[in-house]
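Residue-level structure breakdown
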Amino acid sequence: MTLVQVLFYLMSFIALGSALFVAATKNLVRSIFMFFITLFALAGLYVLVLADFVAITQVVIYVGGILVLILFAFMLSGKETLNIIAEQRKPFISLSKVPAILLACLFLIVLINVIFKADVDHLGWIKNSIALKNGIAPDAAMTENIGINLMTRYLLPFEAISILLIVALVGAAHLSRKESGA
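The present account deals with the structure reproduced in this document. Computed from a predicted structure; not experimentally measured. Every chain is numbered independently, its residues counted from 1 as its sequence is written. Totals for whole chains, interfaces and linings use every residue, but because this is a predicted model, local features are given only for residues with pLDDT of at least 70 and side-chain atom pairs only at 80 or more, for both listing and counting. Computation of side-chain values covers all heavy atoms of the structure but excludes hydrogens and water.

**Describing the overall build of the protein chain**
- Helix and strand counts for the protein chain come out as 8 helices and 0 strands.
- Secondary structure elements of the protein chain occur, N-terminal to C-terminal, as α-α-α-α-α-α-α-α.
- Accessible area is worked out with a 1.4 Å probe on protein chains only. A residue is then buried under 20% of its type maximum, exposed over 50%, and partly exposed in between. In the protein chain, which comprises 182 residues, the proportion classed as buried is 15%.
- In what follows, residue pairs with any heavy atoms lying within 4.5 Å of each other are defined as contacts. Partitioning the intrachain contacts of the protein chain with sequence separation of at least 6 by distance along the chain shows that 52% fall at a separation of at least 24.
- Surface exposure of the protein chain reaches about 14000 Å², of which carbon and sulfur atoms provide 74%. To qualify as a helix, a DSSP run of H or I must reach at least 4 residues; to qualify as a strand, a run of E must reach at least 2; elements of each kind are numbered from the N terminus. For accessible areas, the Shrake-Rupley method is used with a probe of radius 1.4 Å. Any residue's cover is judged against the shown protein chains and nothing else.

Next up, the structure:
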């Protein structure tokens, strides 16, 4: 095994382990800090696949933006609101959660199917990226290349991230406001 493979497995283990801890724990503070670890492990994975810009964006936007918003929303929410949320917890598997669990299992089956059927050694964009020395032509301007790629090839993920940021901001604002009658 090479050093890159060892680092990949280590970062993958850290990302998956901390994400499972975030989903399984009932302590909100520990969940937020483990989410911090998850996001940094994902940034490490991006660095390993030579996507430095995406790794920096991951750290700046997600760790620096969304996670701080979640942390402030938690700190600003009153103790009464947190107690009400804790009292309203239902068992993990209830009848109302069955469609969500089925949908999650379906997505997992599709994801596993795609992973096993993908022939990653013969993908055209990987060969072109290696041929162009990490995907950027030597004479291309870095900022211009990033802008063109963001507005053409990566427009859908770029817009999805912007929607996710708006949802996180609205959620943080909703959690941090004080209830008038409580």
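**Overview of helix α1 (residues 3-24)**
- An expected span of 1.5 Å times one less than the residue number is assigned to each helix. Between its terminal C-alpha atoms α1 stretches 31 Å, which fits the 32 Å expected from 22 residues at 1.5 Å a residue.
- Considered for burial, the residues of α1 that qualify are Ser12, Ala15 and Ser18. Angularly, the buried residues of α1 cover 145° about the axis, an arc narrow enough to put them on a single face. Exposed residues lying more than 90 degrees from the buried face of α1 are Leu3, Phe13, Leu16, Leu20 and Ala24.
- Where α1 is buried, its residues touch α2 (28-48). This arc corresponds to the set of directions leading from the helix axis out to the C-beta atoms.

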